Amino acid sequence: MKKKKNKIEAFDIFVFIFMLCVALLTLYPFLNVLALSLNDSGDTVRGGIYLLPRKLTLANYNNVFSDPNLMHSALVSVERTVLGTLTSVICCCMLAYTLSRRDYVFRKLVTTIFVITMYVSGGMIPSYLLMRNVHLIGSFWVYIIPLLVNFYFVMIIRSFMDAIPPSLQESARIDGANDFQIFVKIIMPLCVPVIATVSLWIAVSQWSSWIDTYLYSAGKESLSTLQYQLMTIMDNANIGAGSVATKNALGKSATNTVSPESVQMAETIIATVPILCVYPFVQKYFVKGVTLGAVKG
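Parameters and conventions
- Residues numbered from 1 in each chain as written.
- Predicted model: local features only at pLDDT ≥ 70, side-chain atom pairs only at ≥ 80, totals over all residues.
- Heavy atoms only, no water.
- pLDDT = per-residue confidence, 0-100.
- Helix = DSSP H or I, 4+ residues; strand = E, 2+ residues; numbered from the N terminus.
- Contact = heavy atoms within 4.5 Å.
- Phe/Tyr/Trp six-rings, centres within 6.5 Å; stacked < 30°, edge-to-face > 60°.
- Buried < 20%, exposed > 50% of the residue type's maximum accessible area, 1.4 Å probe, protein only.
- Lys NZ or Arg CZ within 6 Å of the ring centre and 35° of its normal.

## Considerations on the confidence of the model for the protein chain
Taken residue by residue, the protein chain gives an average pLDDT of 83. The fraction at 70 or more is 85%. Mean pLDDT per element in the protein chain: helix α12 (residues 226–249) is the minimum at 67, and helix α4 (residues 70–100) is the maximum at 93. Segment residues 243–256 is flagged for pLDDT under 50; beyond a separation of four residues in sequence, or across chains, it makes five contacts in the model.

Here is the structure:
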């Protein structure tokens, strides 16, 4: 018995060490990015920065936050993330509930049509022409309306709804509840785990998006998002680094050394921290939502 207990303790130690190594491997990229963002730009080009900055400085963050349009762009990103996530989750849930109804005659046909759109898209030029024809170019709603429904999320939510016993809906219908009441008072509360999971995915997608700003904002600074503004700062840092290299090649002195890598790492931290702050609030639903949503296809 004692020998068996020792084997169990040895296995627990092995599992602990293994999971610790996995955790370190997972955290290392983030810690490396943080160290580079806090290191002096001129020193970063030498390399050799791993877990701790060699020359601690906040100059990289000052360089990013010195942009006058940064705070406005961050506000636009927050607005599109909150509004886009809310409207998209509502639309996806309503479509998923409709397709989960076994008495819906066109259930298979509509599902097939939507699945085809997951594999075939019009491309960038037709998408731009469509946005132009519906007068969304240069409008804030170009961030919201085209992303209202993502059928991948709809399938996950519908699979979760399919796992809900039909007897609950039948009992509510016998008690006089209509479809809207069943959806709001029964289905939605039971789908909180999968809704939280999908909400996180949509929020990350909205927060990280910049290509739609590049294509559809029509050059309006009022529609510039945080990711697009950070990309602009990064381009300016590359230009600055190029000018410094040119001065050095000509034998001229350069008072400021710009490292695009350090600026990029600072931007990465700035763009990542808000999502990291949101994740702990939905973490308890995340695994459950993904697991239960995959019960059926």
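## A few points about the packing of aromatic side chains
On inspection of all chains with the given rule, the structure shows eleven aromatic pairs. Both rings, one in F140 and one in W141, keep their centres 6.2 Å apart while their planes meet at 75°; by these two values the pair is edge-to-face. Residue class for W141 comes out partly exposed when judged on its relative accessible area of 43%. Centroid distance W210 to Y214: 6.3 Å. Interplanar angle 65°. Geometry classified as edge-to-face. Accessibility expressed as a relative area gives 34% for W210, which makes it partly exposed. For Y214, a relative accessible area of 52% gives the class exposed. Of the aromatic side chains, those joined through ring pairs into one cluster are F140, W141 and Y143. For the cation-ring pair, R80 lies above Y143, with the distance from its terminal atom to the ring centre recorded as 4.3 Å.

## Concerning unusual backbone geometry
With a phi close to 60°, H135 is a non-glycine residue in the positive phi region. Along the polypeptide, H135 turns up in the loop between α6 (124–133) and α7 (151–162). Residue H135 is classed as exposed on the basis of its relative accessible area, which comes to 69%. Of note, A218 is a non-glycine position whose phi angle comes to about 60°, a positive value. With respect to the secondary-structure elements, A218 resides in the loop between α11 (211–216) and α12.

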